[in-house]
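What follows is the residue order along each chain.
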Amino acid sequence: MKADPGFYDYWPYENRPRIQWPGGARLAFWVAPNIEFYELDPPANPFRKAWPQPYPATPGYSIRDYGNRVGHVRQMEVLDRYGVKGSVSLSTALCEHHPEIIDLCAQRDWEFFSHGIYNTRYTYGMSAEQEREMIRDSMATILRHTGQHCAGYLAPALSHSELTLDLFAEVGTELGGDDAGFYTCDLFHDDQPTPIHTRSGKRFVSVPYSLEMNDTIAYVVNKVEPRRYGQMLRDNFDRLYREGADSGTVMCIPTHNYQVSCPHRLRAFEEALEYITGHSDVWVTTGREIARYFLDHYYDQSVADIAARSEGN
Amino acid sequence: MALDKEHLQYPRRRYGMDHDRYAWSLLSRRPPVQWPGGAKLALWINVGLQFFPLDQRGKPFAVPGGMTMPYPDLRHFSLRDYGNRVGIFRLLRALDEYGVKPSFAVNTQLVERAPYLLEKIAARGDEILCHGWNMDSLHYGGMEAGEEAALVERSLAGLRAFSGQPVSGWLSPARNESEHTPELLAANGIRYFCDWVNDDMPYPFRTAAGELVAMPLSNELDDQFILLNNLHSEQSWQEQVCDACDYLLQEAGDDGGRILALNIHPWLLGQPHRIGKLEAALDYITRNDGIWSAHPGEILCAWQAGQQNTDN
């Protein structure tokens, strides 16, 4: 075990090279619907239990299934209204289980990125070869079902190994060269994209996802009231938008449609979307586009700035 | 270090669900449901009448809402009892004031513990569902099959004998089930159950003893979930219910009949500082056009009539 994973160097928020998003936008805004499949009876991982009750865990399983049967389509209608394309954090077995949902996303030209195969299969305890095989399967499944090279990764159920980012970058290169495997959503250290070290030296970035704005963290872990969640989203936006005038920022709303798309919660989400997309100079985009734009325009100077600051210059 | 190879094998990775209990289906692709009189929103209010024993076994877990302190946990025992002595009469008055007809999910042990209350309930003519024996008699995976069969039979027999109703609906304590619960329910004359929270509309559920219907009784809007689990304010409970009503009415206008299902408990909303929020929510809901206050059995019948028409 390590005291620090070593994915990035300390890089203070102030006095960084200025980022400007396309069209001079100050804030890149993206929504990441987690479209997940949880198994009712997964093999028991030795390090983490999938369900609190003995099989069958009806309460936990069935509320997550609500997202697939009911929630995603509701959220699609809302995102359509505000011109937002989802960046789907996908349990890729859902391509086999529920292809109708994949089709609805594909019709909207949404991005798909890997969130593992099932959200009930944890990385803990896997050998490097097993994790590589799981990541490869997930990326190949996205390619086969959607024609998209998978650019991003959010580890299944946020379960990681020390090698997760290295393996994802490498499998991406094997499957799609520089078009696949070039950003991660697994790190929460910044409000701007940052370069990430991987052992292959690939140009690879972290795109700000968010735990704080994540509906499941807000609703299930922090037990926030729906209208307060809507206010949190607007407050988060307001500050990032203001700071984005100095250097472009990123705001992400990660969602789970068994939470945000319940009838008593969708209004709070929709009001926040209306507010955010009602501003000028907001780049409404996807995770892949943010990573790609940063790599093309700011990666090199960011790496140089980090190196210069690390040397104490 | 490595995991056993089964961790990278996916025997149920296929079209549909990873089990055979029900068919996969998107709510948005189902034929529109028609409610009687052209109503948009069926309003189903289910009142839980529960008994939490002081000598809780907590097998296989301590039921949410149950005892949490060392024995004897008098604070929680008596505060739950408050619902059946005091809170329920406030609830009934409020429901009657707004002309809303509830169903009651009853722990059968209340037949012997509170016959006065159950006689009042039975005399109302509202639908009674079985809510198991008591809140500490959980149905759970790994439970001995004969023990569970006896529990289901005893719970249903006692409630049917007392109420004179067929009792065709079921809500498991804590909505927890064993792998056999659906079969046992179907074999004992249950037509619908409310444990699975994966839909906003009814759907057919397969068992080896015949088909059940899963009825949607939202847990996310349950007063116990919002007030006790999430520690939201009474005001927020009211807002969430009213927002759900608005959303479902609008969706019903586009896609066909919907159900606003509220599971409430007299030991929570029957408190003096909360009852006004229930009244305010009922006032808000019932002011809308197109609300159909109905028992779950009536909702089920109306839904099933439509299914037969669309199956052909």
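Structural data are supplied above this passage.
What counts, and where the lines are drawn
- Residues numbered from 1 in each chain as written.
- Chains lettered and ligands numbered in written order.
- Predicted model: local features only at pLDDT ≥ 70, side-chain atom pairs only at ≥ 80, totals over all residues.
- Heavy atoms only, no water.
- Helix = DSSP H or I, 4+ residues; strand = E, 2+ residues; numbered from the N terminus.
- Rg over C-alpha atoms; globule rule 2.2 N^0.38 Å.
- Buried < 20%, exposed > 50% of the residue type's maximum accessible area, 1.4 Å probe, protein only.
- Contact = heavy atoms within 4.5 Å.
- Areas by Shrake-Rupley, 256 points an atom, 1.4 Å probe, with all protein chains shown as cover.
- Lys, Arg positive; Asp, Glu negative; His and termini not counted.
- Charge placed at Lys NZ, Arg CZ, Asp CG, Glu CD.
- Phe/Tyr/Trp six-rings, centres within 6.5 Å; stacked < 30°, edge-to-face > 60°.
- Lys NZ or Arg CZ within 6 Å of the ring centre and 35° of its normal.
- Core = buried A, V, L, I, M, F, W, Y, C linked by side-chain atoms within 4.5 Å.
- Buried area = accessible area lost by both parts, 1.4 Å probe.
- Salt bridge = Lys/Arg side-chain N within 4 Å of Asp/Glu carboxyl O.
- Polar contact = N/O pair within 3.5 Å; in protein donor to acceptor, adjacent residues only side chain to side chain.
- Nonpolar A, V, L, I, M, F, W, Y, C, P; charged D, E, K, R; others polar.
- Right-handed = clockwise from strand over helix to strand, strands pointing away.
- Pairing = 2+ DSSP bridges.

*Asks:* When you look at the overall build of chain A in this model, what are you seeing that I'm missing?
*Replies:* Each helix and strand counted, chain A has 10 helices and nine strands in total. In terms of C-alpha radius of gyration, chain A reaches 19 Å, essentially the compact-globule figure of 20 Å for 313 residues. Projecting the C-alpha coordinates of chain A onto the three principal axes gives extents of approximately 60 × 45 × 35 Å. Here chain A holds 313 residues, and 62% of them are scored as buried. Expressed as a percentage of contacts within chain A between residues at least 6 apart in sequence, the contacts between residues at least 24 apart total 77%. Accessible surface for chain A amounts to roughly 11,500 Å². Of this, 47% is attributable to carbon and sulfur atoms. Side-chain charges of chain A comprise 30 positive and 43 negative groups, with the mean position of each set lying 4 Å from the other.

*Asks:* I keep staring at the packing of aromatic side chains and nothing clicks. Help me out?
*Replies:* Within a pair of aromatic rings, the relevant descriptors are the distance that separates the centres and the angle that separates the planes. Residue and element names in this part refer to chain A. Per the counting criterion, the structure on display carries 28 aromatic pairs over all chains. Taken together, a centroid distance of 5.8 Å and an interplanar angle of 45 degrees make the contact between Tyr38 and Trp51 tilted. Of this pair, Tyr38 sits in the loop between β1 (27-35) and α1 (58-81) while Trp51 is found in the loop between β1 and α1, placing the two residues 13 residues apart along the sequence. One aromatic cluster is present, built from ring pairs that chain together Trp30, Phe113, Phe182, Tyr183, Phe188 and Tyr209. Across the ring face of Trp11, the terminal group of Arg16 is positioned such that the distance to the ring centre comes to 4.2 Å. Taking NZ or CZ as reference, Arg64 lies 4.9 Å from the ring centre of Tyr38, over its face.

*Asks:* Looking at this structure, how should I read the nonpolar core?
*Replies:* Nonpolar side chains tend toward joint burial in soluble globular proteins. One finds Trp30(A) and Trp35(B) to be the most contacted residues of the largest nonpolar core, which totals 198 residues. If one sorts the elements of this core by residue count, α1(A) sits on top with eight residues. Apart from residues lying up to four places away in sequence, Trp35(B) is in contact with Lys40(B), Leu41(B), Ala42(B), Met201(B), Gly257(B), Arg258(B), Ile259(B), Trp292(B), Ile299(B), Ala302(B) and Trp303(B).

*Asks:* What is the right way to read the interface of chain B and chain A from this model?
*Replies:* The figure often quoted for interface size is the accessible area lost as the parts come together. Tallying the contact residues gives 57 residues for chain B and 60 residues for chain A. Carbon and sulfur atoms supply 54% of the area that chain B and chain A bury against each other, a total of about 5,100 Å² over both sides. Our count for the contact surface shared by chain B and chain A stands at nine salt bridges. At the junction of chain B and chain A, the tally comes to 31 residue pairs in polar contact (both at pLDDT 80 or more). Those elements giving two or more residues to the side of chain B that touches chain A turn out to be α6 (223-229) and α7 (234-255) of chain B. Broken down by element, the residue count for the side of chain B that touches chain A peaks at eight residues, all from α7(B). Residue composition of the side of chain B that touches chain A, grouped by class: 23 nonpolar, 16 polar and 18 charged.

*Asks:* Which parts of the structure should I look at to understand the pairing of strand β2 (residues 87-90) of chain A?
*Replies:* Note on strand geometry: in a regular strand, side chains alternate between the two faces of the sheet. Residue and element names in this part refer to chain A. Neither face of β2 is exposed, since Ser87 and Ser89 on one face and Val88 and Leu90 on the opposite face are all buried. Taken together, β1, α1 and β2 constitute a β-α-β crossover, and its handedness is right-handed. Pairing analysis gives four bridges linking β2 to strand β3 (residues 111-114), with the strands arranged parallel. Bridging from a neighbouring strand, Ser87 pairs with Glu111 of β3.

*Asks:* Before we go on, may I ask you to explain the pattern of salt bridges in this structure?
*Replies:* Two side chains of opposite charge can pair, provided their charged atoms sit close to one another. Residue and element names in this part refer to chain A. Evaluation of the coordinates by the stated rule reveals 36 salt bridges over all chains. Here Arg144 makes a salt bridge to Glu96, at a shortest N to O gap of 3.7 Å. Residue Arg144 is found in helix α4 (residues 128-146), and its partner Glu96 is found in helix α2 (residues 94-97); the two are separated by 48 residues along the sequence. The exposure class of Arg144 is exposed, given its relative accessible area of 56%.

*Asks:* I tried to follow the environment of Leu90(A) on my own but got confused; where do I start?
*Replies:* All names here are of chain A. Relative to the elements of secondary structure, Leu90 occurs in strand β2. By relative accessible area, Leu90 is classed as buried at 0%. For Leu90 and Ile253, which are 163 residues apart along the polypeptide, the C-alpha to C-alpha distance reads 15 Å. In contact with Leu90, not counting residues within four places along its chain, are Ile35, Cys95, Ile102, Phe112, Phe113, Ser114, His115, Gly116 and Ile142.

*Asks:* Before we go on, may I ask you to explain unusual backbone geometry in this structure?
*Replies:* The omega angle of the peptide bond from Lys59(B) to Pro60(B) is 0 degrees, so this bond is cis rather than trans. Assignment of secondary structure puts Pro60(B) in the loop between β1 (41-49) and α1 (74-97). Cis rather than trans, the peptide bond between Tyr71(B) and Pro72(B) has omega equal to -5 degrees. On the secondary structure map, Pro72(B) appears in the loop between β1 and α1. Non-glycine residue Asn15(A) carries a positive phi angle of around 65 degrees. Inspection of the secondary structure assignment puts Asn15(A) in the segment before β1. Note on Asn15(A): relative accessible area 66%, which makes it exposed. We note that Val167(B) has phi near 50 degrees; this positive angle belongs to a residue other than glycine. Of note, Val167(B) is situated in the loop between α4 (145-163) and β4 (169-170).

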